[in-house]
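Architecture at a glance
Here is what each chain is made of, one letter per residue.
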Amino acid sequence: MAQTIRTDVAIIGAGPAGLLLAHLLAADGVESVVVEARSAEYVAARIRAGILEHSTVDLLRQVGLATRLQAEGDEHRGIYLQWPHERHHIDFVDLVGRSVWVYGQTEVQKDLMAAHAATGQQIHYEASDVALHDIGSTSPSVTFRGSDGRAHRVEAIAVAGCDGSHGPSRTAAPSAGRQTWERAYPYSWLGVLADVAPSTDELIYAWHSDGFAMHSMRSATVSRLYLQVPGGTSVDQWSDDRIWDALATRLGHGQGGWRLTPGPITSRSVLPMRSRVQAPMRLGRLFLAGDAAHIVPPTGAKGLNLAVSDVALLAPALVALVRHGNGTLADAYSETALRRVWRATHFSWWMTTMLHIGTDPFDAQLQLSQLRWVAGSAAGATGLAENYAGLPIRY
Ligand SMILES: Cc1cc2nc3c(=O)[nH]c(=O)nc-3n(C[C@H](O)[C@H](O)[C@H](O)COP(=O)(O)OP(=O)(O)OC[C@H]3O[C@@H](n4cnc5c(N)ncnc54)[C@H](O)[C@@H]3O)c2cc1C
């Protein structure tokens, strides 16, 4: 016999989308129960995104989640765009009056977990057999087996599917009721974390005939670096020396006196590159947010930020639905969120295709021409800055 839990909103997934939603709902007196497949330790340690756009930082400030971000994060004015022998600073603050912040997703996640614990609301880690029921009705539910092996049933007014691209939410509705658009790219990113001070003051996005490279950072003592590698690459194929040699070549070590300082690599992973959008983002009483509804390649630094903007739109819609029985915002949620999702999807695709090397030399010349235009024209640079620093939540 399943133990029944009654709440306002059942949230599946304790990533940034799920926990931020729980926080925003709690601030408006709406109760939630979070169901998460992994352990708290695993969720807190996952190394992923690291760039927060302007509107994400504004929202975190407004809801009291930015204390550590402001103390330990690093505000950046822009990025460098580079190709062999040329490096150009794109200054977002000068161009569009907005900055971005370097603050790891692991830190955002820890802040969200601490805030959630402080509210005393329920969260079930290490849940298995998570399933959604009756999402087409006004009383949907979520069943799961808890870490103790016991069966649970969460009955709610609405279900928020914040369980990423591999969770059960995005396929919970009949396939006839949803549409999916996808693009798989023929390359991946090999990403490393290194215990060494960044060799740059701003992120470097580097086009190179060997493949794209990027120099990012997590703190004054930790660098985050990426290399374009062929799809299907295994981390075992890349020794530390091979990684540092490729980074030095592609990032332009020695050019104009610039030096890349190598250091101990503490983590490495391969991230396949793909774009996916699923619509609608609302299916009856199931609302999708974050990676459950869309995936972007990380070149535009949009994945985490889109999860935040979805939830910023979803929370008031659920508050109106749960507290006042008013479904106007809930009805508009999918269309409103998808406008921003498609803009970020286009920007991420545009950055990716402008910077990654394919097999066609004609494409490479077009890329270089576009890079020169973006870096050299106010119109080109402003377009990049506006999208990268982030559009308003209601776009
Ligand atoms: C390896 C990797 C590297 C990335 N690097 C970058 C980057 O450099 N820059 C960038 O902008 N973006 C990056 N991203 C994307 C970014 O991290 C995501 O867009 C962001 O985490 C989305 O947040 P979310 O809450 O929607 O999903 P997630 O963070 O994926 O959270 C979903 C949660 O649901 C849980 N879950 C899954 N299945 C179930 C289930 N059956 N039942 C219950 N819970 C379940 C998961 O364990 C997880 O905790 C990366 C993503 C990955 C996977």
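This structure is a prediction, so every number in the text was calculated from the model and none was measured.

This part is about the overall build of the protein. Of regular secondary structure, the protein possesses 11 helices and 21 strands. A compact globule built from 395 residues would reach a C-alpha radius of gyration of about 21 Å, and the protein, at 21 Å, matches this within 12%. The buried share of the protein, reckoned over its 395 residues, is 56%. Here the contacts in the protein between residues at least 6 apart in sequence split such that 72% fall between residues at least 24 apart. Surface accessibility of the protein: about 16,300 Å² in total, with carbon and sulfur atoms responsible for 51%. Side-chain charges of the protein comprise 33 positive and 37 negative groups, with the mean position of each set lying 4 Å from the other.

With respect to the secondary-structure elements, Gly177 resides in the loop between strand E13 (158-161) and strand E14 (179-194). The sequence separation of Gly177 and Thr67 amounts to 110 residues, and the corresponding C-alpha distance is 42 Å. Contact partners of Gly177, with chain neighbours within four places excluded, come to Ala279, Pro280 and Leu283.

The local shell around the ligand holds 29 residues, among which Glu36, Arg46, Arg48, Gln105 and Asp291 are the closest. Arg48 is positioned with one of its side-chain polar atoms (N or O) 2.9 Å from an oxygen atom of the ligand. In the complex, the protein chains occlude 84% of the 990 Å² of accessible area that the ligand would expose alone. Broken down by element, the shell around the ligand gets its largest block of residues, 3 residues, from helix H8 (residues 303-324). Among the residues forming the shell around the ligand, the class breakdown is 15 nonpolar, 7 polar and 7 charged.

Let us now look at the packing of helix H1 (residues 16-27) against H8. Interhelical geometry of H1 versus H8 gives an angle of 35° and a closest axis separation of 9 Å. The element H1 and its partner H8 pack so that their crossing is right-handed. For the pair H1 and H8, contact is made by Pro16, Ala17, Leu20, Leu21, Leu24 and Leu25 and by Leu304, Ala307, Val308, Val311, Ala312, Leu314, Ala315, Leu318 and Val319, respectively. Among the residues forming the contact of H1 with H8, the class breakdown is 15 nonpolar, no polar and no charged.

Let us now look at the nonpolar core. Soluble globular proteins tend to bury their nonpolar side chains together. By size, the foremost hydrophobic cluster in this structure holds 79 residues, and its most contacted members are Ile11, Leu20, Leu21, Leu25, Leu52 and Leu318. It is H8 that contributes the most residues to this core, 14 residues altogether. The contacts of Leu20, once residues within four sequence positions are left out, are Leu59, Leu60, Leu65, Leu112, Val308 and Val311. Phe212, Met214, Met217 and Ala301 belong to the second largest nonpolar core, which has 35 residues in total.

What follows concerns the domain arrangement of the protein. Each assigned domain of the protein is listed here: domain 1 (3-53 + 60-73 + 105-181 + 275-353) and domain 2 (184-273 + 357-389). For domain 1 and domain 2, the distance between their C-alpha centroids amounts to 30 Å. Each partner contributes residues to the interface: domain 1 has 20 residues there, and domain 2 has 21 residues. Interface of domain 1 and domain 2: buried area, both sides summed, is about 1,700 Å²; carbon and sulfur atoms make up 62% of it. Counting the surface domain 1 buries against domain 2, the share from its top three residues, Ile47, Pro298 and Trp350, is 29%. Among the elements that make up the side of domain 1 that touches domain 2, the one with the highest residue count is helix H9 (residues 328-355) (7 residues). Classifying every residue of the side of domain 1 that touches domain 2 gives 10 nonpolar, 6 polar and 4 charged.

Analysis parameters
Residues numbered from 1 in each chain as written. Predicted model: local features only at pLDDT ≥ 70, side-chain atom pairs only at ≥ 80, totals over all residues. Heavy atoms only, no water. Helix = DSSP H or I, 4+ residues; strand = E, 2+ residues; numbered from the N terminus. Rg over C-alpha atoms; globule rule 2.2 N^0.38 Å. Buried < 20%, exposed > 50% of the residue type's maximum accessible area, 1.4 Å probe, protein only. Contact = heavy atoms within 4.5 Å. Areas by Shrake-Rupley, 256 points an atom, 1.4 Å probe, with all protein chains shown as cover. Lys, Arg positive; Asp, Glu negative; His and termini not counted. Charge placed at Lys NZ, Arg CZ, Asp CG, Glu CD. Near = heavy atom within 4 Å. Polar contact = N/O pair within 3.5 Å; in protein donor to acceptor, adjacent residues only side chain to side chain. Nonpolar A, V, L, I, M, F, W, Y, C, P; charged D, E, K, R; others polar. Axes fitted to C-alpha atoms, helices over the stretch in contact; angles between N-to-C directions. Left-handed = near helix turned anticlockwise from the far one by under 90°. Core = buried A, V, L, I, M, F, W, Y, C linked by side-chain atoms within 4.5 Å. Domains from an automatic or database assignment. Buried area = accessible area lost by both parts, 1.4 Å probe.

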